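# Commentary on secondary and tertiary structure
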Amino acid sequence: MFVPFRAAFAALVLFVVLVAPLQALDLPRGVSAGPSVEGITEYRLDNGLRVLLFPDASKPTVTVNITYLVGSRHENYGETGMAHLLEHLLFKGTPTHTDIPGEMKKRGVGFNASTWLDRTNYFGSFTADDETLRWMLELEADRMVNSFVARKDLDSEMTVVRNEMESGENNPARVLIDRVAATAHLWHNYGNSTIGARADVENLPIERLQAFYREHYRPDNATLLVAGRIEPALALSEIVAAFGEIAKPSEPIELTYTREPTQDGEREVTVRRVGETAYVALAYHGPAAGHADFAALDVLLSALGDTPTGRLHKALVENRLATFVAGFGFALAEPGYMMFLAEVPKESAVESLRPKLIELIEGSAAAPFTEQEVSDSKRRLLKDVELTMNDANRLAMSLSEAIAQGDWRMFFLQRDRIDAVSAADVNNVAQHYLKSSNRTFGQFIPTAEPDRVEISEAPTVASLVDGYVGRAAMAAGEVFEPSPENIDARTEWSTLGDGNIGDQDNGDQDNRNITQLVLLPKKTRGNTVLLSMNLRFGSADDVHGKAQAAEFAAAMLTRGSEKYSREAIARRLDELKAQLSISGDAQGLSVGANSTREHLPELLALIDELLKHSSFPASEFEQLRTQSITDVESSRTEPTAIAGLELNRYGNSWPKGHPKYVESFDEQLQSLKTVTLDEARQFSADFHGAGSGEITLIGDFDAAAVRADLQARFADWTSTKPFVRVADPYLDLAAVSRSFETPDKANALILMALGLPMDDSHPDYPALIAGNYVFGGGSLKSRLADRVRQKDGLSYSVASQFSADSIDAAAGQVLYAIAAPENIASVEAAFRDELALLLKDGVSAAELKDAIDGMLKARQRSRGEDAALLAALGNNAYLNRKMAWSAELDARLAALTPEVVNAALRKHLNPANYSVFSAGDFASAKAKQAAAAKAGD
């Protein structure tokens, strides 16, 4: 988090940039121009590569995203998981780029990749820089055709993917979804999990994977999108230079033609595993994304599955038959399916939920959806589209799914189709698709006159988007320079009252007993505004024993007020194109929201209503209690939850009832079962209010008007319990090693933790965060990643984190990894080996240079993201810092030498002081190993 102190800078000139259709470019040879829709323009290279350019100067970042039309749908017998496995191997390098994660890391590129049913995509986001853009384009062109895809890499990565598979097997809802999808599909690959069958992943011949790579990774099967602060002509020239020489294969792409036959009766599948929570899922076959019915089905799913306004929530969750319900569909290139999922309270039976759930879904024909339900659902869906369009980088990623459907313009066309959906459309698709014979969750029942769902083929996507021009392009924001100096110069500090804190000295903490206003007005894409409120109250004595009441008091604020029901609150947020969350603990209340300039005053009015006039409805309180109990019950058998909780409890010395005390699972359940609605209501009345905290806004707003509005609403709304901060200093504990059994869990977790008496102003702090970045700063590239994931193939996710408090002298490093239970001991041994090597050999000059370059670029990129900057400014206000503190930390990082870093590491990291906490099915792993050893004898 970035934490600056006082600095004064001259105001900068603002440049407002409107996104408009690109001016005609002088196209390089071999490039033809295609359609342009709402600020995005398509080009086509002679080799078939589609190129999308989306200039947006409002954010100082660029995203490069390449989407290949290959996913698990394209795999053959014995090849399940191949597309996903290949995605992993494309990070293993080419003759030119031998260390792709390392090269990304040192350039500060935030990167990843994903594979799904119809596509695979690779993306990187970085601070706008011509050199980095050129490098990214050259990398993507190189690994399109020159990736190693080698046997040695497959051997190590296969076990990593297997570990990823095992981590998914720990999630009962995910397992059930996979099984239902498989049961619903007899022939089509949409019934296969993208991660594949274990036997295929473990036994895949490298020759088949190499052939799959050559078949699908080619320019005429890819779409490259470059979005953000770019100069289109330059970007297009660099793209041609990188990709233009790649030849188009002589053989055309082979199209898939399998279609799932019409389902002719109910199907059922049951999964039995160790756990605490039951789930119910129903699937129905549906059309491809290009089908005329798809938009109406999208609206239908929202009307049924939304929380809290959907029919399923109101009938099942509010009546305590379920703790959670959802409805979701998949926008796919070929006919797919939609699904409904419900979580069952522990004290309830699946048998009582099942008929009611089926009745609500398939009874839609007898209980038509109203105009109000359809209107609300459309508003929700369209709000989500608009929020996506407000962020060029987010939109760039969303377009991968549209590309997979057949054309990027499907994103906009689908929006238009949703906008045009009527109640009649929704009721027609409900009658057509939601039938028992199309349901997967049941048993076969012969019938004399089958009533089956015939799904017609969707028109070709090319015919749908031919001539499509979209709507007027959304205006982008200004060119905002996210340097600490400019952020400080543009930020306005004041308080609820007449005080101005802009000239306070860094480190003065008197501001903790006032509510500070931190406003950063700037033009943004879509006129968006982000808001954060952190209100603090009470002393440790005031809130003793009230932690559970405090959490419920905060959670209840969005579940009903004197003016609005929970459903009405959700509808009002959709009308305001806003998102809102409220949470809290014994000494604080946090509000997070976003909307637009137009709707900000109404959003503030809604927040005012919810904070001051919550109605605390009893039915919502019981829903919340049941959901919370179910969540804790589910966590009791999860390795990640268990190991994390036990680590936190070991490092917690507070007495029971203290606001910082960490409860066991049993204590959590007892607290949840005994807390009352009156206690939650009384806590809100006694503690909620301003008087201490921070209110932060970033975006397109009138600062004077917002300041006056906030003053009028909250200046006199003061908590009666003044905030008294509870210090949480370093606790010197002996190192321990503790292991916890989680039966029938395929994946395990190990945490290796060290505490240090240090805050973030300590002279060694920059050296330790840089050293940790080299050691474990990334699951794909770091010393731990190179050893545990890349070399040994033991873990899909491995890294280390180091952090220090800004006030108390308390810091810590945590090494973590997921792995198969039988491999946890090997992971710990690797941790200790690499730690010993780090302290013995130290960090090299080359490693440090790459680390510092990557960290500084990542920190700069983070300052360019409004959500991250919002959190940083609020935290700065609490600490009475400004962004100049962040600039100083950048300078301290840049000045580091290997000698300074290695001295700090050797001074503070003592291998004997690390505690180890692990959780997994170690007993079964041990039994399997013993059986294998016996069989070998």
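Everything numeric here is computed off the predicted structure, so don't read it as measured data.

### A few points about the overall build of the protein chain
Helix and strand content of the protein chain: 33 helices and 22 strands. Against the globule reference of 30 Å for 937 residues, the protein chain gives a C-alpha radius of gyration of 28 Å, in line with a compact fold. Structurally, the protein chain occupies a C-alpha span of about 75 × 75 × 65 Å along its principal axes. Pairs at least 24 residues apart make up 83% of the contacts formed inside the protein chain by residues separated by at least 6 positions. Of the roughly 36,800 Å² that the protein chain leaves accessible, carbon and sulfur atoms contribute 51%. Across the protein chain, the 94 positively charged side chains and the 130 negatively charged ones have centroids separated by 1 Å.

### Let's talk about the packing of helix H26 (residues 765-776) against helix H31 (residues 883-894)
Where H26 meets H31, the closest approach of the two axes is 9 Å, and the angle between their N-to-C directions is 65°. Judged by the inter-axis angle, H26 sits roughly perpendicular to H31. Crossing of H26 against H31: the hand is right-handed. Together, Tyr765, Pro766, Ile769 and Ala770 of H26 and Leu889, Arg892 and Leu893 of H31 make up the contact between the two elements. Split into classes, the residues belonging to the contact of H26 with H31 amount to six nonpolar, no polar and one charged.

### Side note on unusual backbone geometry
Residue Thr307 is joined to Pro308 through a cis peptide bond whose omega torsion reads 15°. Relative to the helices and strands, Pro308 is located in the loop between helix H9 (294-305) and helix H10 (311-317). The phi dihedral of Glu38 falls on the positive side, at around 50°, and the residue is not glycine. The residue Glu38 is located in the loop between strand S1 (31-37) and strand S2 (40-45) in this model.

### Topic: the sheet that holds strand S6 (residues 120-127)
Sheet strands associate in pairs through backbone hydrogen bonding, adopting either a parallel or an antiparallel arrangement. Ordered in space as S1-S2-S3-S7-S4-S6-S5, the seven strands form an open sheet in which the pairing is mixed. Looking at the sheet topology across the chains shown, the edges are occupied by S1 and strand S5 (110-115). Adjacent strand axes in the sheet meet at a mean angle of 15°, parallel and antiparallel pairs treated alike. Pairing of strand S4 (residues 61-68) with strand S7 (residues 222-228), which is carried by seven bridges, proceeds in the antiparallel orientation. Each bridged residue has a counterpart across the sheet, and for Thr63 the counterpart in S7 is Ala227. Against the sheet, helix H1 (residues 82-89) touches S5 and S6, its axis set at about 160° to S5.

### A few points about the environment of Ser400
Along the chain, the position of Ser400 falls in helix H13 (residues 392-405). What makes Ser400 buried here is its relative accessible area of 1%. For the pair Ser400 and Asp686, spaced 286 residues apart in sequence, the C-alpha separation works out to 50 Å. Apart from the residues lying within four places of it in its own chain, the contact partners of Ser400 are Asn65, Thr67, Arg119 and Asn121.

### Considerations on a negative patch on the surface
On the surface, Asp129, Asp130, Glu131 and Glu231 cluster together to form a negatively charged patch. Taking relative accessible area as the criterion, Glu131 reaches 60% and is therefore assigned exposed.

### A look at the side chain of Ser782
Assignment of secondary structure puts Ser782 in the loop between H26 and helix H27 (783-791). Under the relative-accessibility criterion, Ser782 is labelled buried at 4%.

### Regarding the sheet that holds strand S9 (residues 324-329)
Spatial strand order, S9-S10-S8-S11: four strands in an open sheet with antiparallel pairing. Of all the strands in the sheet, just S9 and strand S11 (439-440) have a single pairing partner and so form its edges. Relative to S11, strand S8 (residues 278-285) runs antiparallel, the two being bridged by two bridges. Looking across to S11, one finds that Ala283 is bridged to Thr440. The sheet strands contacting helix H5 (residues 172-184) are S8, S9, strand S10 (337-344) and S11, and the helix crosses S8 at an angle near 30°. The strands touched by H9 within the sheet are S9 and S10, with S9 carrying the most contacts at an inclination of about 180°.

### Observations regarding the pattern of salt bridges
The final tally for this structure, using the stated rule, is 74 salt bridges. For Lys523, the salt bridge is made with Asp700, and the minimal N-O distance between the two is 3.7 Å. Residue Lys523 is found in the loop between strand S13 (515-521) and strand S14 (528-536), and its partner Asp700 is found in the loop between strand S17 (693-699) and helix H25 (703-714); the two are separated by 177 residues along the sequence. Taking relative accessible area as the criterion, Lys523 reaches 34% and is therefore assigned partly exposed. By relative accessible area, which is 3% here, Asp700 ends up buried. Put simply, Arg863 and Asp890 hold a salt bridge, and the shortest N to O gap is 3.1 Å. Residue Arg863 is located in helix H29 (residues 845-863), and its partner Asp890 is located in helix H31; the two are separated by 27 residues in the primary sequence. Neither residue differs from the other here; Arg863 and Asp890 are each classed as buried. Here the residues in one salt-bridge network are Lys314, Glu318, Asp376, Arg379, Glu567 and Arg571, joined through shared partners.

### A few points about the nonpolar core
The biggest cluster of nonpolar side chains holds 68 residues, and the ones touching the most others in it are Met533, Ile607, Leu611, Leu697 and Leu710. Counting residues per element, this core draws most heavily on helix H20 (residues 600-612), at seven residues. Here Met533 is in contact with Leu589, Ser590, Val591, Ile607, Leu611, Glu694, Ile695 and Phe714, once residues within four sequence places are set aside. Membership of the second largest hydrophobic core comes to 57 residues, among which are Met144, Val161, Ala235 and Ile239.

### Details of the pairing of strand S22 (residues 915-920)
Burial analysis of S22 places six of its six residues in the buried class, which makes it a mostly covered element. Here S22 shows no split at all, with Ser915, Phe917 and Ala919 on one side and Val916, Ser918 and Gly920 on the other all buried. Sheet topology places strand S18 (residues 737-741) next to S22; five bridges connect them, and they run parallel. Among the inter-strand pairings, Glu741 is bridged to a residue of S22, identified as Gly920. Here strand S19 (residues 748-756) pairs with S22 via five bridges, running antiparallel. Opposite Leu751, over in S22, you have Phe917 as the bridge partner.

### With respect to the side chain of Ser634
Within the fold, Ser634 resides in helix H21 (residues 618-635). Engagement of the side chain of Ser634 in a polar contact is seen with the side chain of Thr277, the distance being 2.4 Å. Those residues in contact with Ser634 that sit more than four places away from it in its chain are Glu276, Thr277, Tyr279 and Glu343.

### Points about the packing of aromatic side chains
Counted according to the given criterion, the structure contains 19 aromatic pairs. Ring geometry for Tyr68 versus Tyr122: centroids 6.1 Å apart, planes at 85°, classification edge-to-face. One end of the pair, Tyr68, is in strand S4; the other, Tyr122, is in strand S6, and 54 residues separate them in sequence. Here Tyr68 and Tyr122 have matching classes, each one buried. With 6.1 Å between their ring centres and 70° between their planes, Phe537 and Phe683 make a pair best called edge-to-face. Within this pair, whereas Phe537 is found in the loop between S14 and helix H18 (547-555), its partner Phe683 is found in helix H24 (residues 677-687), the two being separated by 146 residues in sequence. Comparing Phe537 with Phe683, the two get one shared label, buried. Feature note: the residues Tyr68, Phe91, Phe111, Tyr122, Tyr213 and Tyr217 constitute an aromatic cluster, connected by ring pairs. In this structure, Lys105 is placed above the aromatic ring of Tyr773, and the distance from its NZ or CZ to the ring centre is 4.2 Å.

### Some points on the environment of Glu202
Residue placement: Glu202 occurs in helix H6 (residues 198-203). Along the primary structure Glu202 and Asp155 are separated by 47 residues, whereas in three dimensions their C-alpha atoms are 8.6 Å apart. Contact partners of Glu202, with chain neighbours within four places excluded, come to Met158 and Arg162.

### Here's the deal with H9
The end-to-end C-alpha separation of H9 is 16 Å, in line with the 16 Å expected for 12 residues at 1.5 Å each. Taking burial as the measure, the 12 residues of H9 include 11 buried ones, the bulk of the element. Residues Phe294, Ala295, Ala296, Leu297, Val299, Leu300, Leu301, Ser302, Ala303, Leu304 and Gly305 constitute the buried set of H9.

Parameters and conventions
- Within every chain, residues take consecutive numbers counted from 1 along the sequence as written.
- Where local features are concerned, this predicted model is filtered to residues with pLDDT of at least 70; where side-chain atom pairs are given and counted, the filter is 80 or more; whole-chain, interface and lining totals use all residues.
- The side-chain numbers reported here are obtained from all heavy atoms of the structure, hydrogens and water having been left aside.
- Each helix corresponds to a stretch of at least 4 residues labelled H or I by DSSP, and each strand to a stretch of at least 2 residues labelled E; elements are numbered beginning at the N terminus.
- The reference for a compact globule is 2.2 Å times residues^0.38; the radius of gyration itself is calculated from the C-alpha atoms.
- Between two residues, a contact is recorded if the distance between any of their heavy atoms is within 4.5 Å.
- In short, Shrake-Rupley with a 1.4 Å probe defines the accessible areas, and a residue's cover is counted only from the protein chains shown.
- Neither His nor the chain ends is counted toward charge; the positive residues are Lys and Arg and the negative residues Asp and Glu.
- To locate a charge, take atom NZ for lysine, CZ for arginine, CG for aspartate or CD for glutamate.
- Between N-to-C directions, angles cover 0 to 180 degrees, with each direction set by a line fitted to C-alpha atoms, over the stretch in contact for helices.
- Working rule for angles: under 35 degrees goes down as roughly parallel, over 145 as roughly antiparallel, 65 to 115 as roughly perpendicular, anything else as oblique.
- Each crossing gets its handedness from the near helix: less than a right angle anticlockwise from the far helix is left-handed, clockwise is right-handed.
- For this scheme, ten residues count as nonpolar: Ala, Val, Leu, Ile, Met, Phe, Trp, Tyr, Cys and Pro. Four count as charged, namely Asp, Glu, Lys and Arg, and the remainder, Gly too, count as polar.
- Strands pair, by our definition, only if DSSP identifies at least two bridges between them.
- For every residue, the accessible area (1.4 Å probe, protein chains only) is compared with the maximum for its type, and the residue is labelled buried under 20%, exposed over 50%, or partly exposed between those bounds.
- Any residue with relative accessible area above 30% and no salt bridge may belong to a patch, with like charges joined within 9 Å and the nonpolar Val, Leu, Ile, Met, Phe, Trp and Tyr side chains within 5 Å.
- A pairing counts as a salt bridge when a side-chain nitrogen of Lys or Arg comes within 4 Å of a carboxyl oxygen of Asp or Glu.
- As used here, the term nonpolar core means buried Ala, Val, Leu, Ile, Met, Phe, Trp, Tyr and Cys residues forming a set that is joined through side-chain atoms within 4.5 Å.
- Residues adjacent in sequence count toward polar contacts only when both atoms are side-chain atoms; beyond that, a polar contact is any pair of N or O atoms within 3.5 Å, and within protein one must be able to donate a hydrogen and the other to accept it.
- Any Phe, Tyr or Trp ring, taking Trp's six-membered ring, that has another such ring centre within 6.5 Å forms a pair; planes under 30 degrees apart are called stacked, those over 60 apart edge-to-face, and the others tilted.
- Geometrically, a charge over a ring is one whose NZ (Lys) or CZ (Arg) sits within 6 Å of the ring centre while staying within 35 degrees of the ring normal.
- One fewer than the residue count of a helix, multiplied by 1.5 Å, yields its expected span.

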